[in-house]
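Observations on the model geometry
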Amino acid sequence: YTDRTADIIYFVDCNDATCSSPTSTVIDAAAGSSHENAVVDCPASDDCKIMRWGGTRVFEDCDNEDCSSRTTTTLDSDVGGGAPDVALECPASDDCKYLHIDWSESDITFADCNDSACTAPTSTDIVTDTVTSGGKVDMDCVSATDCKLLYTSHAAATLIFTDCNDATCSSNASTTIDASGGYNPELDCPDSDDCKLVYLDTTASDISFVDCNDTDC
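A brief report on the enclosed structure follows. (Residues numbered from 1 in each chain as written. Predicted model: local features only at pLDDT ≥ 70, side-chain atom pairs only at ≥ 80, totals over all residues. Heavy atoms only, no water.)

**Some details on the overall build of the protein chain**
Along its length, the protein chain carries zero helices and 18 strands. Here the C-alpha radius of gyration of the protein chain, 17 Å, is about what a compact globule of 217 residues would show, namely 17 Å. The buried share of the protein chain, reckoned over its 217 residues, is 45%. Sequence-distant contacts, at least 24 apart, represent 37% of the contacts inside the protein chain between residues at least 6 apart. Just so you have it, the protein chain exposes about 9200 Å², and 45% of that area is on carbon and sulfur atoms. Charge centroids of the protein chain, computed over 9 positive and 43 negative side chains, lie 3 Å from each other. (Helix = DSSP H or I, 4+ residues; strand = E, 2+ residues; numbered from the N terminus. Rg over C-alpha atoms; globule rule 2.2 N^0.38 Å. Buried < 20%, exposed > 50% of the residue type's maximum accessible area, 1.4 Å probe, protein only. Contact = heavy atoms within 4.5 Å. Areas by Shrake-Rupley, 256 points an atom, 1.4 Å probe, with all protein chains shown as cover. Lys, Arg positive; Asp, Glu negative; His and termini not counted. Charge placed at Lys NZ, Arg CZ, Asp CG, Glu CD.)

Structural data, given as structure tokens:
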């Protein structure tokens, strides 16, 4: 999490079920200067992956339970300023996937890490030349070759679901969920043909739940 008062990103390892005596590790001691955020996914208890971003996008591969030892990879040195959104999923230690907004390129891009430290990811543009600010992304991977993406651009306010058909999402099928007012989407997929979505529908001024009845919703 990001401590905005101290401008620090921490990793916290809970040492019991209630997290009553956690171990905290500083991941970035100057996070606030670039408005950094972070997400985490853990293929194993001693193998967590952290994506942090602000002016740059950085991948951290933790080598132990409290992430005091880790390998750092800079993925993008210019994401267009601020903190455009990122979602991270790791089906295996050497196979993380992330979906990210790049304001400098005006794109939403899916990336498939090819090793545990994500040193040479394969990227596929999902949306091009439309996202210059704002936006929100989420993703869930039923398997390493079957990720589901949900995203919106604040400029277009169109909520789109994308079903990836391979590991890099180079083959995919997209469905528009809400064409006029879909924001802040979240999804979870118990099975490939059974994703659940929730989002803020600003046109109707409500929060909507969507139950997908097939693989591409």
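Read on, since the account is not over.
**Some words on the state of the cysteines**
Working definition of a disulfide: a covalent bond connecting the sulfur atoms of two cysteines. Applying the stated rule across the entire model yields nine disulfides. Residue Cys212 pairs covalently with Cys217 via a disulfide, S to S 2.0 Å. Disulfide Cys212 to Cys217: torsion about the S-S bond roughly -75°, handedness left-handed. We classify Cys212 as buried; its relative accessible area is 2%. The class for Cys217 is partly exposed, based on a relative accessible area of 22%. (Disulfide = S-S within 2.5 Å.)

**Notes on the sheet that holds strand E17 (residues 194–201)**
Strand order across the open sheet formed by three strands is E16-E17-E18, with antiparallel pairing between neighbours. Since the sheet does not close on itself, it has two edges, and those belong to strand E16 (182–191) and strand E18 (206–211), each with one partner. Across the sheet, the mean angle separating the axes of adjacent strands is 15° when strand polarity is ignored. Where E16 and E17 come together, six bridges link them in antiparallel fashion. Bridge pairing in E17 links Leu187 to Leu197. (Pairing = 2+ DSSP bridges. Axes fitted to C-alpha atoms, helices over the stretch in contact; angles between N-to-C directions.)

**Quick look at the side chain of Asp138**
With respect to the secondary-structure elements, Asp138 resides in strand E12 (residues 136–143). A polar atom in the side chain of Asp138 sits 2.8 Å from the backbone nitrogen of Leu187. Beyond its immediate chain neighbours, meaning those up to four positions away, Asp138 contacts Ala87, Leu99, Lys148, Leu149, Leu150, Pro185, Glu186 and Leu187. (Polar contact = N/O pair within 3.5 Å; in protein donor to acceptor, adjacent residues only side chain to side chain.)

**Details of the sheet that holds strand E4 (residues 37–44)**
Read across the sheet, four strands follow the order E4-E5-E6-E7 without closing on themselves; strand pairing throughout is antiparallel. Unpaired on one side and paired on the other, E4 and strand E7 (70–76) mark the two borders of the sheet. When the angles between neighbouring strand axes are averaged without regard to direction, this sheet yields 15°. Direction of pairing for E4 relative to strand E5 (residues 47–53): antiparallel, over a ladder of six bridges. Counted as the bridge partner of Asn37 is Trp53 from E5.

**Structural notes on the pairing of strand E2 (residues 8–13)**
Of the strand pairs in this sheet, strand E1 (residues 2–3) and E2 are connected by two bridges, and their pairing is antiparallel. Paired with Asp3 across the bridge in E2 is Ile8. In sequence, E1 turns back onto E2 through a hairpin of four residues, with Asp7 there showing a positive phi of about 60°. By the bridge criterion, five bridges tie E2 to strand E3 (residues 23–28) in an arrangement that is antiparallel. Considered in E3, the bridge of Ile9 is made with Asp28.

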